[in-house]
Amino acid sequence: MSTFGQYFRVTTFGESHCFGVGCIVDGVPPLLELTEDDIQPQLTRRRPGQSKLSTPRDEKDRVKIMSGTEFGKTLGTPIGLMVHNKDQRPGDYGSVQKNPRPSHADYTYNVKYGIHASSGGGRSSARETIGRVAAGAIAEKWLKQRFGVEIVAWVSSVGEETLADDEVDMDTVTRGQVDATLPVRCASEAAVERFSKVIAAARDDHDSVGGTITCVCRGLPTGLGEPCFDKMEAKLAHAMLSIPATKGFEIGSGFDGTKCRGSAHNDMFVKKGDKLGTSTNRSGGIQGGITNGEPIYFRVAFKPPATIGKTQETATYDGEASVLAAKGRHDPCVVTRAISIVECTMTSVQPSDRCVLMPKSSSPTINAYTVMHVALLHVWLLFVPAPTIACLSNSTLGYLGEGQCITASHTIRHTWPGCFACRVPHSFMCKHCAW
């Protein structure tokens with residue numbers, strides 16, 4: 001599937017060497033101030049050709065809003081975003097028509113669909129992530145306005161070189177600090193040189209190397225995430241592992257937490273201002289699949305890019321032995337450009353929770369449309385026999401079912417005026433707007 005999300009839905013399109021790539025974003029609230037200038041910075045951070053440690057493909061990746069806004073504000077309708085491919089070289093991929101690249105998607109796409117894009121990686125290319133980044137930039141603007149959310153990612157390892165635990169302060173690190181450590185974006189001046197050397201050595205050997213990215217999200221409210229299959233860490237893992245070249249995901253203490261006893265691993269509750277918090281954060285901001293108000297932090301592992309210039313003994317699609325030295329322009333290590341991909345994928349997950357998507361209303365009102373529906377439902381209750389219809393307290397019915405506050409200002413669970421089947425009133429008190 002090329003669509004992610006439920007309440008905030010992102011559908012990406014395009015291949016690495018076609019006319020262009022982009023996305024359709026559905027579920028963005030109306031009246032959000034939005035222009036290309038809000039989206040472009042994150043796309044610029046991921047674009048190719050930023051340094052000698054990345055692919056030399058020269059793409060400016062300028063985004064164009066095609067629909068869904070007017071006079072600089074969102075309309076509440078689907079937003080179309082487009083980025084044109086300018087520096088395509090499909091001729092570089094002639095050798096892969098007979099030889100599937102080792103550890104690439106060429107073979108599996110061909111087996112599954114009977115066809116695959118003849119140039120580049122097609123839908124498996126990192127060019128596909130342009131749509132994710134553009135959509136995530138929109139989600140991030142809303143999250144920052146609504147909750148003051150801050151999301152920062154940085155390179156925490158390259159090959160065997162790893163940041164020490166005390167090299168980056170997760171509570172205070174900023175994107176400015178991360179970008180100040182170009183070309184590797186590791187947020188630590190002391191690590192720039194040693195990370196750069198590892199990547200340069202792989203590049204000069206016509207090879208590649210992997211790495212990890214750490215990401216922290218500060219400011220998310222308590223209560224996001226749904227048992228049992230929509231737990232917050234499950235949705236994050238789903239989203240992160242859909243990014244090309246990812247091979248691992250861990251949150252909080254992750255695999256290191258398996259080495260501790262419970263008495264050492266537990267996060268003790270303490271009073272923090274007028275709220276309850278934890279003295280440590282080995283849970284990574286999520287407990288029972290639901291956010292607890294502490295910062296969320298996680299790590300994503302990226303494998304070495306599969307397409308390399310080094311000669312490799314492999315086989316053709318027919319199974320005959322062959323030698324492949326792939327051409328084209330490719331990153332020797334993807335993590336330096338994947339920072340904004342991880343950040344924007346994180347932002348796209350959060351609005352998909354029904355508790356946060358709809359915009360905050362400064363003065364909640366019930367419109368005439370809602371009043372009319374309430375009146376009609378009262379009349380319906382008088383004439384429809386109870387056994388003939390099912391309880392709708394766990395479903396959606398326009399403005400009046402689970403998932404939509406009666407003020408239309410945000411989503412929450414309640415039903416008005418009650419269960420149609422059992423006639424037992426259900427509470428319609430919304431904890432967000434007090435209706």
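Up top you'll find the structure we're talking about.
All of these numbers come straight from a predicted model, not from anything done at the bench.

Draft legend 1. Focus on the overall build of the protein chain. A count of helices and strands for the protein chain gives 9 helices and 18 strands. Looking at the protein chain as a whole, 47% of its 435 residues are labelled buried. Long-range pairs, those at least 24 residues apart, make up 68% of the contacts in the protein chain between residues at least 6 apart in sequence. Surface summary for the protein chain: the accessible area is close to 21,100 Å², and the carbon and sulfur share equals 57%.

Draft legend 2. View of the packing of aromatic side chains. By the definition in use, this model includes 3 aromatic pairs. On the numbers, 5.9 Å between centres and 65° between planes, the contact of Tyr 109 with Tyr 113 is edge-to-face. Of this pair, Tyr 109 and Tyr 113 both sit in helix α2 (residues 106-113), 4 residues apart, roughly one helical turn. For Tyr 109, a relative accessible area of 27% translates into the label partly exposed. According to the relative accessible area criterion, Tyr 113 is exposed, its value standing at 53%.

Draft legend 3. Layout of the nonpolar core. Ile 39, Leu 81, Leu 236, Ile 296 and Phe 298 are the most contacted members of the largest nonpolar core, which totals 76 residues. By residue number, the principal contributor to this core is helix α3 (residues 129-147), which donates 9 residues.

Draft legend 4. Structural context of the sheet that holds strand β4 (residues 63-67). Judged by pairing direction, the sheet is antiparallel, and its 5 strands sit side by side in the order β1-β2-β3-β7-β4 without closing on themselves. With partners counted over all chains shown, the strands left at the sheet margins are β1 (3-4) and β4, one partner each. Note that strand β3 (residues 20-26) and strand β7 (residues 79-84) share 6 bridges and pair antiparallel. Note that in β7 the partner of Cys 23 across the bridge is Leu 81. Sheet contacts for helix α1 (residues 36-46): β4 and β7; angle to β4, the most-contacted strand, approximately 140°. The strands touched by α3 are β2 (9-13), β3 and β7; relative to β3, the strand with the most contacts, the crossing angle is about 35°.

Draft legend 5. Representation of helix α5 (residues 189-204). For α5, with 16 residues, the first-to-last C-alpha span of 23 Å sits near the 22 Å given by 1.5 Å per residue. Those residues of α5 that fall on the buried side of the exposure criterion are Ala 191, Val 192, Phe 195, Ser 196, Ile 199, Ala 200 and Ala 202. Burial along α5 is one-sided: seen end-on, the buried residues are contained in an arc of 160°. Turned more than 90 degrees from where α5 packs its buried face, Ala 190, Glu 193, Lys 197 and Asp 204 sit exposed. Close packing links the buried residues of α5 with β8 (150-158) and β9 (161-162). At the exit of α5 stands His 206, carrying a positive phi of roughly 55°.

Draft legend 6. How the structure looks around the sheet that holds β8. Taken in spatial order, the 5 strands of this open sheet run β9-β8-β10-β16-β11, and their pairing is antiparallel. Each edge of the open sheet carries a strand with a single partner, namely β9 and β11 (246-251). Judged from the 5 bridges that link them, β11 and strand β16 (residues 296-302) form a sheet pairing that is antiparallel. Counterpart to Ile 251 in the pairing with β16 is Phe 298. In the packing of α5 onto the sheet, the strands contacted are β8 and β9, and the crossing angle to β8 comes to about 60°.

Draft legend 7. Up close: the pattern of salt bridges. Considering all chains together, one arrives at 22 salt bridges under this definition. Put simply, Asp 38 and Lys 141 hold a salt bridge, and the shortest N to O gap is 3.2 Å. A residue pair is termed long-range when its members are at least 10 positions apart, and Asp 38 in helix α1 and Lys 141 in helix α3 qualify at 103 residues. Judged by relative accessible area, Asp 38 falls into the partly exposed class, the value being 29%. For Asp 331, the salt bridge identified is with Arg 337, shortest N-O distance 2.7 Å. Per residue, the accessibility class of Asp 331 equals that of Arg 337, and both read buried. The network of salt bridges with common partners includes Arg 45, Glu 140, Arg 175, Asp 179, Arg 185 and Glu 343.

Here is what the cut-offs are and how they apply
Residues numbered from 1 in each chain as written. Predicted model: local features only at pLDDT ≥ 70, side-chain atom pairs only at ≥ 80, totals over all residues. Heavy atoms only, no water. Helix = DSSP H or I, 4+ residues; strand = E, 2+ residues; numbered from the N terminus. Buried < 20%, exposed > 50% of the residue type's maximum accessible area, 1.4 Å probe, protein only. Contact = heavy atoms within 4.5 Å. Areas by Shrake-Rupley, 256 points an atom, 1.4 Å probe, with all protein chains shown as cover. Phe/Tyr/Trp six-rings, centres within 6.5 Å; stacked < 30°, edge-to-face > 60°. Core = buried A, V, L, I, M, F, W, Y, C linked by side-chain atoms within 4.5 Å. Pairing = 2+ DSSP bridges. Axes fitted to C-alpha atoms, helices over the stretch in contact; angles between N-to-C directions. Expected span 1.5 Å × (residues − 1). Arc of directions from axis to C-beta. Salt bridge = Lys/Arg side-chain N within 4 Å of Asp/Glu carboxyl O.

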